[in-house]
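Listed below are the residues making up each chain.
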Amino acid sequence: MHANGHPHDSHHEPAWSDPERTLSPAAVSAVVERLRGALPADGVLASQEELRPYECDGLAAFRCPPIAVALPRTEAEVRDVLLTCRALDIPVVARGAGTGLSGGAMPHPCSVVLSLARLNRILGVDPVARTARVQPGVRNLEVSEAAAPYGLYYAPDPSSQIACTIGGNVAENSGGVHCLKYGLTVHNVLGIRGYTIDGEMIELGGGALDGPGLDLLALAIGSEGLLLVVTEVLVKLLPRPPLARVVMASYDDVGKAGEAVAAIIAAGIIPAGLEMMDRKATAAVEPFVKAGYDLSAAAILLAEADGTADEVTEEIQEIERVLRNAGATAIAVSGSERERLRFWSGRKNAFPAAGRVSPDYYCMDGTIPRKNVGHVLKAIEAMEERYGLRCMNVFHAGDGNLHPLILFDANRSGEWDRADHFGAEILELCVQLGGTITGEHGVGIEKINSMCVQFSPAERAAFFAIKNAFDPHGLLNPGKAIPTLRRCAEYGKMHIRHGALPHPDLPRF
Ligand SMILES: Cc1cc2nc3c(=O)[nH]c(=O)nc-3n(C[C@H](O)[C@H](O)[C@H](O)COP(=O)(O)OP(=O)(O)OC[C@H]3O[C@@H](n4cnc5c(N)ncnc54)[C@H](O)[C@@H]3O)c2cc1C
């Protein structure tokens, strides 16, 4: 690895971060031919029809076809693809299942997409060490299914867990409903193996509790495919709790629901999940899922207790007491596993429900200190008026992780632009309140401008210096996650602050 240069040097802005750069047809053919030489016959896709499914991830508003898709089956083939692209100076965008919501796996126009979908084997479950060794293309839910015969499971549970891959989870440091109690991906991955663009194998972490030296494992988790391509992951498994029950509480005011969340944590309770949905979200979800939500409530909370029967009984009583004291207008407790799953089904289906009530929706992902939940919801209401768009709110409330779903119609002129600005203003508010511009979906291309708001030029230069140490040629997922100094300078001139567009006389791009 190289760590040359000074973090403030402007040449640390990689050349490939220019999204306008293109390749000649002859150069594209040369890349395809070299890849075909490195992989089996079915390992390279290059026709327009074959490339189309790879032109975006779950954030379909941003699209760009790659020049080719490489589908290796082994680590050696992954390395060959990387070395081929390195030799030809071609960018590489790693891809898992493509469920990302920040455009992280969206190709660069000159890039090869390196799909890890065929590295999809569970290499081993060790019930004694309570670990599983898996390839990156294994789906999140498959890990828990493989661990189930031993009474174990993998705790981080993104709502997309049926489809998203462990490699994608590592790259995004994904979370889920149960991460409040059991931690994010970074708390549940013990080690990874991966390859740099130069084909160098890197192993970070391992089976031991801690290791000497800098914690490069934590650095790699959440690095969005910018530092290395992950080819193997060692995850922690937990014993499945014998029982879980969920409390559903109604509030007549979103501010009170926010205060109830803070009261739970202040009482020393860490529920297995603590989620909130506002009335717009429950109204969209209920006809679709029939979860039994109180549609008269301004907001509902779902708080889960898990453990042994005695632990659950005690914690549920305590949760009920705190929620009542915080002004709950109605409380229901799941009486069976079926009912518990029904209560959760609405929350888990909130995104598809948004798709039923609006032609398009834009899912934001910011975090705030928990005490500000009510304040932010009121501010979002005012933004709905200002931007002329509706917004449903779904939260990992216990973590202060917001998921405002901005509803719009991309076929109506100007609506996507308004949704985009609406989202950026929410993120800016999160930063003002001491929060962050992403809780779990990553920065990708979507929030790259908001990074200019969250971090100073010196901090961003330090990020580039780290990127440069792993990927000195700037070939891995260029143009994502870290904005260049130039981009931030342009954004500073052009972006909407507190609803007002600076320099309204300037033409927009
Ligand atoms: C309906 C829905 C619900 C969702 N719910 C949640 C949720 O509750 N919590 C949450 O955190 N996210 C959620 N997501 C977002 C998404 O599922 C996660 O970000 C997930 O981790 C992405 O995994 P993936 O395999 O689809 O990765 P992709 O989308 O393919 O890639 C994501 C990023 O990871 C990089 N990458 C992928 N594989 C590798 C690898 N092997 N090595 C290096 N880099 C790699 C890519 O370059 C890209 O930058 C949701 C998405 C949808 C569509």
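Small disclaimer: the values here were computed from a predicted structure and weren't measured.

A. Focus on the overall build of the chain. Scanning the chain from N- to C-terminus turns up 18 helices and 19 strands. Taken over C-alpha atoms, the radius of gyration comes to 23 Å for the chain, in line with the 23 Å a tight globule of 509 residues would show. Oriented by its inertia axes, the alpha-carbon framework of the chain measures out at about 65 × 65 × 45 Å. Relative to its full complement of 509 residues, the chain shows a buried share of 53%. Considering only residue pairs separated by 6 or more positions, the chain has 72% of its internal contacts joining residues 24 or more positions apart.

B. Summary view of the packing of helix α9 (residues 254–266) against helix α14 (residues 373–387). One way to put it is that α9 packs onto α14 with a least axis distance of 7 Å and a crossing angle of 150 degrees. The orientation of α9 with respect to α14, classified from their angle, is roughly antiparallel. As for the relative orientation of α9 and α14, their crossing is right-handed in sense. Two secondary-structure elements touch here, α9 through V254, G255 and G258 and α14 through V373, G374, L377 and K378. Partitioning the contact of α9 with α14 into residue classes produces 3 nonpolar, 3 polar and 1 charged.

C. Structural detail: the site of the ligand. Around the ligand, a shell composed of 33 residues is seen, among which A94, T99, S160, T165 and S174 lie nearest. Take G104: an N or O atom from its main chain is 3.2 Å from an oxygen atom of the ligand. Contact distances for the ligand include 2.9 Å between an oxygen atom and a backbone N or O atom of S159. Out of a free accessible area of 970 Å², the ligand has 94% covered by protein chains. Those elements giving two or more residues to the shell around the ligand turn out to be β3 (92–95), α5 (166–172) and β10 (229–236). Counting residues per element, the shell around the ligand draws most heavily on α5, at 5 residues. Its residues assigned to classes, the shell around the ligand shows 13 nonpolar, 16 polar and 4 charged.

D. Summary view of the pattern of salt bridges. Inspection of the entire model under this criterion finds 27 salt bridges. Residue R321 pairs with E318 through a salt bridge whose shortest N-O separation is 2.7 Å. In this pair, R321 and E318 are both assigned in helix α11 (residues 309–325), 3 residues apart and thus about one turn of the helix distant. In this structure E318 comes out as partly exposed when scored by relative accessible area, which is 28%. The salt bridge involving R386 is made with E425; its shortest N-O contact spans 3.0 Å. Here the residue R386 occupies a position in helix α14, and E425 occupies one in helix α15 (residues 415–432), the gap between them amounting to 39 residues. On the basis of relative accessibility, which here comes to 45%, the residue R386 falls in the partly exposed class. The class for E425 is buried, based on a relative accessible area of 8%. Within the structure, one salt-bridge network assembled from shared partners comprises E75, R133, R193, E203 and E232.

E. Layout of α11. Taking 1.5 Å of rise per residue, the 17 residues of α11 would be expected to cover 24 Å, and the 24 Å separating its terminal C-alpha atoms lies within 8% of that figure. Listing the buried residues of α11 in full gives V312, E315, I316, I319, V322 and L323. Considered in projection along α11, the buried side chains sweep an arc of 130 degrees and stay on one side of the axis. Opposite the buried face of α11, by more than 90 degrees, sit the exposed residues D310, E314, Q317 and N325. Each element contacted by the buried residues of α11 is listed here: β12 (243–251), α9, β14 (299–307) and β15 (330–333). At the exit of α11 stands G327, carrying a positive phi of roughly 100 degrees.

F. Summary view of the state of the cysteines. By the definition in use, this model includes 1 disulfide. Residue C452 pairs covalently with C488 via a disulfide, S to S 2.1 Å. Taking the torsion about the sulfur-sulfur bond, which here is approximately -80 degrees, the covalent link between C452 and C488 counts as left-handed. Linking C452 in helix α16 (residues 450–454) with C488 in helix α18 (residues 485–494), this pair joins segments that are 36 residues apart in sequence. Taken as a pair, C452 and C488 share a single burial class, namely buried. Just so you know, C85 is unpaired, no disulfide at all, and the nearest cysteine sulfur is the one on C110, 12 Å from it. The closest cysteine sulfur to the non-disulfide-bonded C164 is located on C179, 11 Å from its own sulfur.

G. View of the packing of helix α10 (residues 279–289) against helix α13 (residues 350–357). α13 packs onto α10 with a crossing angle of 95 degrees between their chain directions and a minimal axis gap of 9 Å. Between α10 and α13, the angle is such that the two are roughly perpendicular. Packed against α10, whose contacting residues are A284, V285 and F288, the element α13 presents A350, P352, A353, R356 and V357 at the interface. Residue classes in the contact of α10 with α13 are distributed as 7 nonpolar, no polar and 1 charged.

H. Layout of the sheet that holds strand β8 (residues 189–195). Reading across from one edge, β5-β6-β10-β8-β9 is the order of the 5 strands in this open sheet, with antiparallel pairing throughout. Each having just a single partner strand, β5 (122–126) and β9 (201–205) make up the two edges of the open sheet. Neighbour to neighbour, the strand axes of the sheet diverge by 10 degrees on average, direction disregarded. As paired elements, β5 and strand β6 (residues 131–134) share 4 bridges and run antiparallel to each other. Paired with G124 across the bridge in β6 is R133. Strands β5, β6 and β10 of the sheet are contacted by helix α4 (residues 140–147), whose axis makes an angle of about 45 degrees with β5.

Reading guide: rules and limits
- Residues numbered from 1 in each chain as written.
- Predicted model: local features only at pLDDT ≥ 70, side-chain atom pairs only at ≥ 80, totals over all residues.
- Heavy atoms only, no water.
- Helix = DSSP H or I, 4+ residues; strand = E, 2+ residues; numbered from the N terminus.
- Rg over C-alpha atoms; globule rule 2.2 N^0.38 Å.
- Buried < 20%, exposed > 50% of the residue type's maximum accessible area, 1.4 Å probe, protein only.
- Contact = heavy atoms within 4.5 Å.
- Axes fitted to C-alpha atoms, helices over the stretch in contact; angles between N-to-C directions.
- Parallel < 35°, antiparallel > 145°, perpendicular 65-115°, else oblique.
- Left-handed = near helix turned anticlockwise from the far one by under 90°.
- Nonpolar A, V, L, I, M, F, W, Y, C, P; charged D, E, K, R; others polar.
- Near = heavy atom within 4 Å.
- Polar contact = N/O pair within 3.5 Å; in protein donor to acceptor, adjacent residues only side chain to side chain.
- Areas by Shrake-Rupley, 256 points an atom, 1.4 Å probe, with all protein chains shown as cover.
- Salt bridge = Lys/Arg side-chain N within 4 Å of Asp/Glu carboxyl O.
- Expected span 1.5 Å × (residues − 1).
- Arc of directions from axis to C-beta.
- Disulfide = S-S within 2.5 Å.
- Pairing = 2+ DSSP bridges.

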